[in-house]
Amino acid sequence: MNMYKKAPQIMILFTLCFVAFGALYIYGINKIAVHTYGKSAENKHLADVEEELRALETERTHLAVGSWLEARARRYELVAGGNVHVLSHDTSVARAE
């Protein structure tokens, strides 16, 4: 009979253990999910930064080529024929009148 008196206490202990282990399991799964999605967001941010870097390098290259061309034109005493009109959005193609 003594065992039957302790049965509710044992059931309460098992229930508390089950709840505690369930909470730890859910916490672990949540931590893994947050870590995984965090990596995904960081990879997207890194790709955006790399794309911006490529755009800046391209712009820097265009600027460097422009000054080099001006120096070569002065060296050979070339002058612009008139107003310069840009034909493309990135200013890589222009026409002088």
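Being a predicted model, the structure only gives us computed values, none of them experimental.

Asker: How should the overall build of the protein chain be read in this particular structure?
Answerer: For the protein chain, the helix and strand inventory stands at one helix and two strands. Ordered by position from the N terminus, the helices and strands of the protein chain form the series α-β-β. Taken across its 97 residues, the protein chain has 0% of its residues classed as buried. Accessible surface computed for the protein chain: about 9300 Å², of which carbon and sulfur atoms make up 66%.

Asker: What should I look at first to understand the pattern of salt bridges in this one?
Answerer: Where side chains of opposite charge bring their charged atoms close, a pairing between them can arise. This structure, assessed with the given rule, holds one salt bridge. As a salt-bridge pair, D48 and K44 come within 3.4 Å of each other at their nearest N and O atoms. Here D48 and its partner K44 are both found in helix α1 (residues 2–75), four residues apart, which amounts to about one turn of the helix. Residue classification places D48 among the partly exposed residues on the basis of a relative accessible area of 39%. Classification of K44 by relative accessible area gives exposed; the value is 52%.

Asker: What should I look at first to understand the confidence of the model for the protein chain in this one?
Answerer: Any region with low pLDDT has predicted coordinates that should not be read closely. In this model, the protein chain carries an average pLDDT of 80, and 76% of its residues clear a pLDDT of 70 or more. Taken element by element, the predicted model of the protein chain shows its lowest mean pLDDT in strand β2 (residues 94–96) (54) and its highest in α1 (86).

What counts, and where the lines are drawn
- Residues numbered from 1 in each chain as written.
- Predicted model: local features only at pLDDT ≥ 70, side-chain atom pairs only at ≥ 80, totals over all residues.
- Heavy atoms only, no water.
- Helix = DSSP H or I, 4+ residues; strand = E, 2+ residues; numbered from the N terminus.
- Buried < 20%, exposed > 50% of the residue type's maximum accessible area, 1.4 Å probe, protein only.
- Areas by Shrake-Rupley, 256 points an atom, 1.4 Å probe, with all protein chains shown as cover.
- Salt bridge = Lys/Arg side-chain N within 4 Å of Asp/Glu carboxyl O.
- pLDDT = per-residue confidence, 0-100.

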